[in-house]
Amino acid sequence: MKSEPQVYSIEDLKQENTTIWDGVRNYQARNYLKQMQIGDIAFFYHSNCKNIGIIGLMKIVETNVFDRTQFDTKSPYFDEKATENKPRWHTVKVQFKEKFEEIISLNTLKQQFTEEELLVVKKGNRLSVIPVPENTAQKILLMSSK
């Protein structure tokens, strides 16, 4: 799950402990959020910054949450077609789990994984939420403990 650290960083999550993962406005990314289950572990990925890559872990603690920003006319994520009775954007609540000692950079990920193994390394991929296959996730976790 990607976030720009100047908008919301892993340090912000660590301080708050839990947050609603709001602001996702891509249908495919939203559908990935809807597939998540309580207890799932997600990688926290810093994007659009100097040190791009996986910086830590978070746990899914609530699913099928309405993204309240869709109803907020002052929010950049406001959706005029969304209503309380027919919300369009669902998300999850996450809890801080761990910050890695060192970021696993995008360049490192590109060296270790193919596009089929890890979609985030695919050129042009801009999705903010991407599933990671279990075997790939296990390899990334091993990389984080080095």
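The rules behind these values
Residues numbered from 1 in each chain as written. Predicted model: local features only at pLDDT ≥ 70, side-chain atom pairs only at ≥ 80, totals over all residues. Heavy atoms only, no water. Pairing = 2+ DSSP bridges. Helix = DSSP H or I, 4+ residues; strand = E, 2+ residues; numbered from the N terminus. Contact = heavy atoms within 4.5 Å. Axes fitted to C-alpha atoms, helices over the stretch in contact; angles between N-to-C directions. Buried < 20%, exposed > 50% of the residue type's maximum accessible area, 1.4 Å probe, protein only. Polar contact = N/O pair within 3.5 Å; in protein donor to acceptor, adjacent residues only side chain to side chain. Phe/Tyr/Trp six-rings, centres within 6.5 Å; stacked < 30°, edge-to-face > 60°. Salt bridge = Lys/Arg side-chain N within 4 Å of Asp/Glu carboxyl O.

A. Up close: the sheet that holds strand β2 (residues 18–20). In space, the five strands of this open sheet follow the order β1-β3-β4-β5-β2, with mixed pairing throughout. Lying at the two open borders of the sheet, with one neighbouring strand each, are β1 (2–3) and β2. Relative to strand β3 (residues 41–46), β1 is paired through two bridges, and the arrangement is parallel. If you follow serine 3 over to β3, its bridge partner there is histidine 46. Across the sheet, helix α4 (residues 134–144) touches β3, β4 (53–66) and β5 (90–105), and the angle it forms with β5 is around 45°.

B. Summary view of the pairing of β4. Relative to β4, β3 is paired through six bridges, and the arrangement is antiparallel. Note that in β4 the partner of tyrosine 45 across the bridge is isoleucine 54. Where β3 folds back onto β4 in an antiparallel hairpin, the turn is made up of six residues, including asparagine 48, whose phi is positive at roughly 50°. The sheet contact formed by β4 and β5 spans 10 bridges and is antiparallel. Pairing of phenylalanine 66 across the sheet is with histidine 90, part of β5.

C. Inspection of the environment of asparagine 125 at higher detail. Along the chain, asparagine 125 turns up in the loop between α3 (106–112) and α4. Asparagine 125 gets classed as buried once you look at its relative accessible area, which sits at 17%. With 16 residues separating them along the chain, asparagine 125 and leucine 109 place their C-alpha atoms 14 Å apart. Not counting the four nearest positions on each side in its chain, asparagine 125 is found in contact with Lys2, Leu119, Val120 and Ile130. Among the polar contacts made by the side chain of asparagine 125, one reaches the main-chain amide nitrogen of leucine 127 at a distance of 3.3 Å.

D. Spatial organisation of the packing of aromatic side chains. Within this structure, the stated rule accounts for two aromatic pairs. Between tryptophan 21 and phenylalanine 44, the aromatic rings sit 5.4 Å apart at their centres with planes inclined by 85°, giving edge-to-face as the arrangement. Note that tryptophan 21 is positioned in the loop between β2 and α2 (27–35) and phenylalanine 44 in strand β3, a separation of 23 residues in sequence. Just as tryptophan 21 is buried, phenylalanine 44 falls in that class too. On the basis of an interplanar angle of 25° and a centroid distance of 4.8 Å, the ring pair of tyrosine 27 and tryptophan 89 is categorised as stacked. Highlighted residues: tyrosine 27 in helix α2 and tryptophan 89 in the loop between β4 and β5, separated in sequence by 62 residues. The class of tyrosine 27 is partly exposed, set by a relative accessible area of 39%. Judged by relative accessible area, which is 3%, tryptophan 89 ranks as buried.

E. Summary view of the pattern of salt bridges. Evaluation of the coordinates by the stated rule reveals five salt bridges. Between arginine 68 and glutamate 84 there is a salt bridge whose closest N-O contact spans 2.9 Å. Here arginine 68, found in the loop between β4 and β5, pairs with glutamate 84, found in the loop between β4 and β5; they are 16 residues apart in sequence, far enough to count as distant. Exposure remark for arginine 68: the relative accessible area of 49% places this residue in the partly exposed category. With a closest N to O distance of 3.9 Å, lysine 139 and glutamate 117 form a salt bridge. Note that lysine 139 is positioned in helix α4 and glutamate 117 in the loop between α3 and α4, a separation of 22 residues in sequence. A relative accessible area of 41% means that lysine 139 is categorised as partly exposed. Given the relative accessible area of 26%, glutamate 117 is considered partly exposed.

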